[in-house]
Amino acid sequence: MKVSDYVLQRLREWEVDHVFAYAGDGINGLLAAWGRADDHPRFVQSRHEEMSAFQAVGYAKFSGKVGVCAATSGPGAIHLLNGLYDAKLDHVPVVALVGQTNRSAMGGSYQQEVDLQNLYKDVASDFCETAMVPEQLPNLIDRAIRTAYARRTVTAVILPADVQELDYSPPTHAFKMVPSSRGLGRYAPVPADADIARAAEVLNAGDKVAVLIGQGARGARPEVEELADVLGAGVAKALLGKDVLPDDLPYVTGAVGLLGTRPSYELMRDCDTLLMIGSSFPYTQFMPELDQARGVQIDIDPHMIGLRYPFEVNLVGDAAETLRRLLPHLRRKKKRAWREKIEKDVARWWEVMQRRAAVDADPINPEYVVHALDGRLPDDAIVTADSGSAANWYARHLRLRGRMRGSLSGTLATMGPGVPYAIGAKFAHPDRPAIALVGDGAMQMNGMMEMVTAAKYWPDWADPRLVVAVLNNHDLNQVTWEMRAMSGAPQFEESQHLPDLPYAEIAQRIGLEGVRVEKPEHVEAAWDRALAADRPFVIDFRTDPAVPPIPPHAEPDQIEAAASAVLRGDSDRASVVKQGLKAKVQEMLPGTRHRAGRPGAGAGDSAGG
């Protein structure tokens, strides 16, 4: 048995079923071992190492298992980095297996020699080690996987090419040998009883309780629902927690932040008590004023406690177990006016979304595209969204319900993961449909080529449906609107304009299906056709770049003034905005005024934590 054979064997023993990878001579030993192992775990070939990393992240997000990716030395290892940082910043367990030049050449400025230990020092800061002798295995593989799971982070094992080819010999019962064992014990830490009692006192004292949940609350849905009922609370969601609680619950206000909803904004603006569960939502300006609310935070990671708000009580523990211990100490709120207001606000918001989707645009309103999908989502759908304006419509128009899952690049907010996330999801759940919402910028950056990956593997999926909706507006739209809103600048064509591509036709040329949609009356039929297809499907929606992703706190008169000012120099478009935008916005955002001195739109990342 070679070292490379043993690496794959150890992955199998950890129940790793897929490795998302791209070939190169720095991992030739591993590639040969895959041949001897009958492709188990399965080698999933992307078109680019960055896509392999994104696929590993998508797989991990939607399976709950560790994602594993592999790449060659030098350029392959470098290409993995963006996807690995996406995993690190979103707290997703991913292990990278990376090739390196022979030990005898290390330090000799050899071809493709990169100092991987230093290069990966940050992205894999919890564990990054180089195998120099066979006896270091299995310890390196075990610790990489165990650490990725335990700390929900990225780890890396660097495998010099000559080490891969050595005969494997296990560690012995001897000095300076490090034996190892597989497995990760299950545990659910809980806070001390005194901390639970203090948290209950804060929550019981409040009259207007707001709850903010993130992905760390995913295993605590019943407990969060019970808590919201007892406290008469509204529940807002960070975008990474969008699928934690169903959007059809009347007290769920939806996403919070720059991409969030008006009810979530008002929930935070008006509450007197804040409970945050399993979230590192970063934008303090969308939380209550710092002296406004008493606060309690629950998080399993003590390093993420107390970061975003002056919480009065910090509870370190598993969300579900902590809530189970907390609930018996909570008193049911008898006055329900706060809850009733929240439910009215939520009901009104969905009416506003319906009206916003119905606003005419040239040629198609992107909000209508996503709103039309909402009622058509299959019960077991997995939805991904790319960064950019597509993330706005994902956050605001889709109601994830029941078993539906969804995610995007939350903290890194990188362009490009929408399609590879969906592919990773298909390997995690080949019997479920996946839908990716992407802008034309992301589709041109890498999404179109990953449809080649989909074309290669879709016959193996029990449910062949992978629908990619391209919001084709010939514009890097999120940045365009950020320039207007934050810099007072009109669109800079040289940086923002994108060439048109026949996305659907390209999909057809590689054996998939697709359709281009240029009229609003064809939108619904396109969704129906794609969701009934027997193979992956690309819908090229020709959308209007002039539909603004309005911040949740914006007011009609502010929007009109800003639009008139920043669109100078584009008289035709400015005229349209001046004549029609104010009336449309008044219809979209009826009857509310924002608080004096409330901060405006934050920095321009597109996902919102």
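Residues numbered from 1 in each chain as written. Predicted model: local features only at pLDDT ≥ 70, side-chain atom pairs only at ≥ 80, totals over all residues. Heavy atoms only, no water.

A. Inspection of the confidence of the model for the chain at higher detail. Here the chain averages 90 in pLDDT, and 91% of its residues register 70 or above. Per-residue pLDDT stays below 50 along residues 564–609; that stretch engages in 103 contacts with residues further than four places along the chain or on separate chains. (pLDDT = per-residue confidence, 0-100. Contact = heavy atoms within 4.5 Å.)

B. Representation of unusual backbone geometry within the structure. The linkage connecting histidine 40 with the following residue, proline 41, adopts the cis geometry, with an omega of 0°. For proline 41, the location among the structural elements is in the loop between helix H2 (28–36) and strand S2 (42–45). Even without glycine at this site, aspartate 39 takes up a positive phi of about 60°. With respect to the helices and strands, aspartate 39 occurs in the loop between H2 and S2. The exposure class of aspartate 39 is partly exposed, given its relative accessible area of 33%. Of note in the backbone geometry, histidine 474 takes a positive phi value of approximately 60° without being a glycine. Summarising the element assignment, histidine 474 is placed in the loop between strand S16 (466–472) and helix H17 (477–487). Residue classification places histidine 474 among the buried positions, given a relative accessible area of 17%. (Helix = DSSP H or I, 4+ residues; strand = E, 2+ residues; numbered from the N terminus. Buried < 20%, exposed > 50% of the residue type's maximum accessible area, 1.4 Å probe, protein only.)

C. Helix H13 (residues 366–374), seen in detail. Of all the 9 residues making up H13, 8 are buried; the element is thus mostly covered by neighbouring parts of the structure. Burial in H13 covers these residues: Pro366, Glu367, Val369, Val370, His371, Ala372, Leu373 and Asp374. Its side-chain oxygen 2.8 Å from the backbone nitrogen of glutamate 367, asparagine 365 forms the N-cap of H13. (Polar contact = N/O pair within 3.5 Å; in protein donor to acceptor, adjacent residues only side chain to side chain.)

D. Highlighting the sheet that holds strand S14 (residues 405–407). An order of S14-S13-S15-S16-S18-S17 is seen for the 6 strands of this open sheet, with the pairing classed as parallel. The open sheet has two edge strands, S14 and strand S17 (513–517), and neither has a second partner. Neighbouring strand axes in the sheet, compared pairwise and without regard to direction, differ in orientation by 15° on average. Pairing analysis gives 5 bridges linking S17 to strand S18 (residues 537–542), with the strands arranged parallel. Considered in S18, the bridge of glutamate 513 is made with phenylalanine 537. (Pairing = 2+ DSSP bridges. Axes fitted to C-alpha atoms, helices over the stretch in contact; angles between N-to-C directions.)

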